[in-house]
Structures are given as C-alpha cells and as structure tokens.
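Observations on the model geometry
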Amino acid sequence: MKGDDRDPFGERCCGPHRQQFHALGAILAIEADNARLLALAAESFGALPRHRLGARTPRYTLRLRAAAIAGDQCVGNQSPGDRAQLISGAGIVGQMLDGDNYALVSPRLGSALVSISPELLKRPYIARYDLIEFAAYTLVTRSAGLVPLHGACVGLEGRGALVLGDTGAGKSTLCMRAVAGGFDFLAEDAVFVTPSSLHATGLPTFMHLRCDGSAALHDLRGSVAVLRAPIIRRRSGVHKFELDMRRSPYRLAPQALGLSHVVILRKEHAAPTRALRTLAPEQVRRELTRTQPYTAGLPGWPAFLRRITNLPAYELRRGEHPEDSVSALKRLFERSPARCRHPMPMPPPSPRRSQGART
C-alpha cells in the first residue's frame, strides 16, 4: 500500500519547521511545511513581550500549510488577497481568499490550519495579515473568551487608554505620536480585552502610517525609522509605511495593560484647551455598540460593556497641531487613575526582551 493511502488526509504528518511564540496572552505553537512560512509567522509573533491575562497561559496550535497547487491563477486583474470571504460551519470559522489560500479555525480544538500558495508569498503582508494573524486572533479570541475591538491602545506604567474612532479619525497618527512622546505601544488596529478585568493585549508588532502624510512625520522622535520603513498596499489600495516596532526606538508595552480610560477620536478640530470633552456612560455605550457591530453580538459583550462604562471616557477632537492630542492624552494619565470594580491581580511583568532582536 502506498504511503498516501495510509494517511490520505495528511493527518499524521507534522510540519518539519516548528517554533513557539508568546503572543496575545498565549503560547502559539507553529508547525510549518517550510522555513519561509515559519519566518512569516515570526514576523507576526516573534520577539514580543510576554503578556499574561491570568494565572494560566493557554496554548494553541497553528499549522501553516504550503499549498500544493503549482498553477496559481488570478481572476482578471485580481491576485490572492484582493477578495476575501468569511465562512463558518460545524464549529469551524475561517477566511478564504481563494481555493489555495485560506485559514480554518477550530476554537473547540484550540487549533487552526492556514494554507498559503507560492503566489501569495509574493505578497507577504497579505499572507501574514489576512491569514496567519487572522487565524491567531480568531483562535485566541474564541477560545479564551476575549473581547476583540477595532481600536488602538497605548499606556503608561501598566495603565492603558483604549482609543476608538471612525476610519480616518487619526488613531494610528495619535498612537505614533504618543509612542514617540514616551507612551508604551500595545496595539494600533486590534485590541483584545478580558471582559471581567478589562486587561488588554494585542500584537505590538507593526505601526502603519499613510505615505501621503509623510510630510507631517518629520518632527517625530525617530522619524527616520518611519520614513525608511517598507511600504505596503492595503486591500483598499492605500499605501502605508509598515514600521516594525520591535526594531524601532520606541517602547512596547511590557505587560498587558489595565484599561483606565476610553478615548473616542473625532475628525473635527477644536482649540487645544477645548479638545477634551467628558462622555457619559450612556454615550460610551452607544458609541461602542455602533463602532463594534461584530463584537456586540458575542457572549462576553454585556459583561464588558458594564465594566468599560465605569471608566472615565472622553471625546478628543483634533487640535491645531497633532501634538495637541498627545498633550491631552498625557493630561488624562496625570490625573488619579480610575480602577475598574473587579480588578484582576496581575503577575509581575516578565523581563523585557530586546526590542532590537531579529525574528
């Protein structure tokens, strides 16, 4: 009998390239068919601080599979990554780019399968962002009961500000300037929160800044690193600098941050002294429900909403200069920190790993 006949689904063979990463408050055990796929995972999860969200660190498995199809084809002028479809069924959720490129996640089993074709490897950003990171985000969120939020988070001394806002409100710009001004960087686009204790984690790996706004970046501390960063193209067609924060002059959050403030960015301008406006709990509840439609339907949402609306919340409008928003953010942290009603004792932070280490 042929070897393939004994294992027609390839269930008994493991990827020869293996490595463990600490990310998203968990251990991610990666098995990959080849070294290039493992290197792609290292770009997403390597050399990160070890965030902990509880007494036990969960472990999940991601299998990275090289698609065996030799003739990768595109439809029209599209290439893999230009079209994506979310799927679910039989306890599995996933995302498909095409027949060769997909991510399938089983939260019940604590594992995921990611297939990547040679064609998609020519666009490593899409392979990493839409498949590998999607699989990790979905797996950890569903298995650990975290609340996933489209937003950003920066912090000081273990406290974090959850930054929300519509597309184009300036979340990435505020984060970049805050981090350049001494804040710790936790997340720019996706934040994951424990609903019971409001501790937040994320992937503090990359910062993405629009190339057409590069003129406004020259006064930043470390701006040379930003302007020399590789340029990626989003699915929308927008080009952005992709700065690897682990190899930058900026600080990564060394531990999961206990949320102490909610900041909602607005596109409208205001005088520096009137940039901040206090929001009532009901306003925060409405804003969160409006901007997080997917998360609002998850089981942990009611508990999260009860606790997050206990925190001081503010609307922040743009000042005359981008640094005005950073100054307003610093003023919030200079005030007495607010405590959530059900704090979770956090373990001491792990020793900081070198942010200059290569993945």
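Just so you know, these numbers come straight off a predicted model, no measurement behind them. (Residues numbered from 1 in each chain as written. Predicted model: local features only at pLDDT ≥ 70, side-chain atom pairs only at ≥ 80, totals over all residues. Heavy atoms only, no water.)

The geometry of a pair of packed helices is captured by two quantities: the angle between their axes and the separation between those axes. At a minimum axis separation of 10 Å, helix 2 (residues 35-45) and helix 3 (residues 124-144) run at an interaxial angle of 70°. Considering the angle they form, helix 2 stands roughly perpendicular to helix 3. Contact with helix 2, carried on its side by Arg36, Leu40, Ala41, Glu43, Ser44 and Phe45, involves Pro124, Ala127, Arg128, Ile132, Glu133 and Ala136 of helix 3 and no other residues of that element. Looking at the contact of helix 2 with helix 3 residue by residue, the class counts come to seven nonpolar, one polar and four charged. (Axes fitted to C-alpha atoms, helices over the stretch in contact; angles between N-to-C directions. Helix = DSSP H or I, 4+ residues; strand = E, 2+ residues; numbered from the N terminus. Parallel < 35°, antiparallel > 145°, perpendicular 65-115°, else oblique. Contact = heavy atoms within 4.5 Å. Nonpolar A, V, L, I, M, F, W, Y, C, P; charged D, E, K, R; others polar.)

Under the criterion given, the structure shown has 19 salt bridges. With its nearest N and O atoms 3.2 Å apart, the salt bridge here joins Arg128 to Glu133. Exposure class is identical for Arg128 and Glu133. Each is buried. A salt bridge links Glu282 to Arg286, with the shortest nitrogen-to-oxygen separation between them at 3.9 Å. A residue pair is termed a helical-turn pair when its members lie 3 or 4 positions apart in one helix, as Glu282 and Arg286 do in helix 6 (residues 281-291) at four residues. Members of the salt-bridge network, linked through shared partners, are Asp166, Arg266, Arg277, Glu287, Arg290, Glu315 and Arg317. (Salt bridge = Lys/Arg side-chain N within 4 Å of Asp/Glu carboxyl O. Buried < 20%, exposed > 50% of the residue type's maximum accessible area, 1.4 Å probe, protein only.)

Turning to the side chain of Ser248, a few remarks are in order. As for its position among the elements, Ser248 is in the loop between strand 16 (239-244) and strand 17 (257-269). Of note is the side chain of Ser248, whose polar atom sits 2.8 Å from the backbone oxygen of Met245. (Polar contact = N/O pair within 3.5 Å; in protein donor to acceptor, adjacent residues only side chain to side chain.)

This paragraph deals with the sheet that holds strand 5 (residues 92-96). Reading across the sheet, the seven strands line up as 1-2-3-7-6-5-4 and stay open at both edges, with mixed pairing between neighbours. Lying at the two open borders of the sheet, with one neighbouring strand each, are strand 1 (17-23) and strand 4 (85-89). Taken over all neighbouring pairs, the strand axes of this sheet differ in orientation by 15° on average, direction set aside. Pairing of strand 1 with strand 2 (residues 26-32) involves seven bridges; the strand directions are antiparallel. Within strand 2, the residue paired with His17 across the bridge is Ala32. (Pairing = 2+ DSSP bridges.)

In short, the description is geometric, and any link to function would need to be established separately.
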